[in-house]
Amino acid sequence: MEGKEKLAIIREVGIGLRDTGRPILWFSVYSSETCGALQILGWDEAAALICAYDLREIQDLEGQPCWVKMGTDTMRYVRPWKK
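Attention here is on the structure that accompanies the text.

Calculation criteria
- Within each chain, residue numbers correspond to sequence positions counted from 1 in written order.
- The predicted origin of the model limits local features to residues at a pLDDT of at least 70 and limits the giving and counting of side-chain atom pairs to 80 or more, whereas totals for whole chains, interfaces and linings rest on all residues.
- With hydrogens and water stripped out, all remaining heavy atoms of the structure feed into the side-chain values.
- One speaks of a salt bridge when a side-chain nitrogen belonging to Lys or Arg is within 4 Å of a carboxyl oxygen belonging to Asp or Glu.
- Comment: elements are numbered from the N terminus, with helices defined as DSSP H or I runs of at least four residues and strands as E runs of at least two.
- Only protein chains enter the accessibility calculation, which uses a 1.4 Å probe. A residue is then buried if its area is under 20% of the maximum for its type, exposed if over 50%, and partly exposed in between.
- The arc under discussion is defined with respect to the helix axis, by the directions toward the C-beta atoms.
- Any two residues whose heavy atoms approach within 4.5 Å at even a single point are treated as in contact.
- Whether two strands pair comes down to DSSP finding at least two bridges between them.
- All axes here are fitted lines through C-alpha atoms, helices being fitted over the stretch that makes contact, and every angle between N-to-C directions spans 0 to 180 degrees.

### Brief notes about the pattern of salt bridges
If you walk through the whole model with that rule in mind, you get three salt bridges. Of the charged contacts in the structure, one is a salt bridge between Arg79 and Glu5, with a shortest N-O distance of 2.9 Å. Taken together, the residues Arg79 in strand 5 (residues 74–80) and Glu5 in strand 1 (residues 4–16) connect sequence positions 74 residues apart. When its relative accessible area of 35% is taken as the criterion, Arg79 is described as partly exposed.

### A look at helix 1 (residues 43–53)
Every buried residue of helix 1 is accounted for by Ala46, Leu49 and Tyr53. Buried residues of helix 1, viewed axially, fall in a sector of 65°; they line one side. More than 90 degrees from the buried face of helix 1, the exposed residues found are Asp44 and Cys51. Buried positions along helix 1 lie against strand 1, strand 2 (24–30), strand 3 (36–41), strand 4 (65–71) and strand 5.

### Topic: the sheet that holds strand 2
Pairing is antiparallel in the open sheet, where five strands are placed in the order 3-2-1-4-5. Here the strands that pair on one side only, and so sit at the sheet edges, are strand 3 and strand 5. Mean inter-strand twist for the sheet, computed between neighbouring axes without regard to direction, equals 40°. Sheet analysis places strand 2 next to strand 3, joined by six bridges and oriented antiparallel. Across the sheet, the residue bridging to Leu25 is Leu41, located in strand 3.

### Re the pairing of strand 3
Of the two faces of strand 3, only one is covered, namely that formed by Ala37, Gln39 and Leu41; the face formed by Gly36, Leu38 and Ile40 stays uncovered. Counted along the chain from strand 2 to the antiparallel partner strand 3, the turn is five residues long.

### Here's the deal with the side chain of Ser31
Within the secondary structure, Ser31 sits in the loop between strand 2 and strand 3. Dropping the residues within four chain positions of it, Ser31 is found in contact with Lys6, Leu7, Ala8, Met70 and Met75.

If you want it as structure tokens, here you go:
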């Protein structure tokens, strides 16, 4: 299943410093009820994601569908799901 893309849902969205000491956007992606992975984006990546989803508020990212790349014990956000 290495490198296969799968549909997922974004949950648990936050923005702040966390333990990185720099501004970041974080969220978890879930491809099933029990299979999720934390994603951390730097400010430039976060800006691109906000524009891609045309977000007015960061909370609007909650529940949005996206594509993730599945690997051996990994799941990585790739791009928004678009109709």
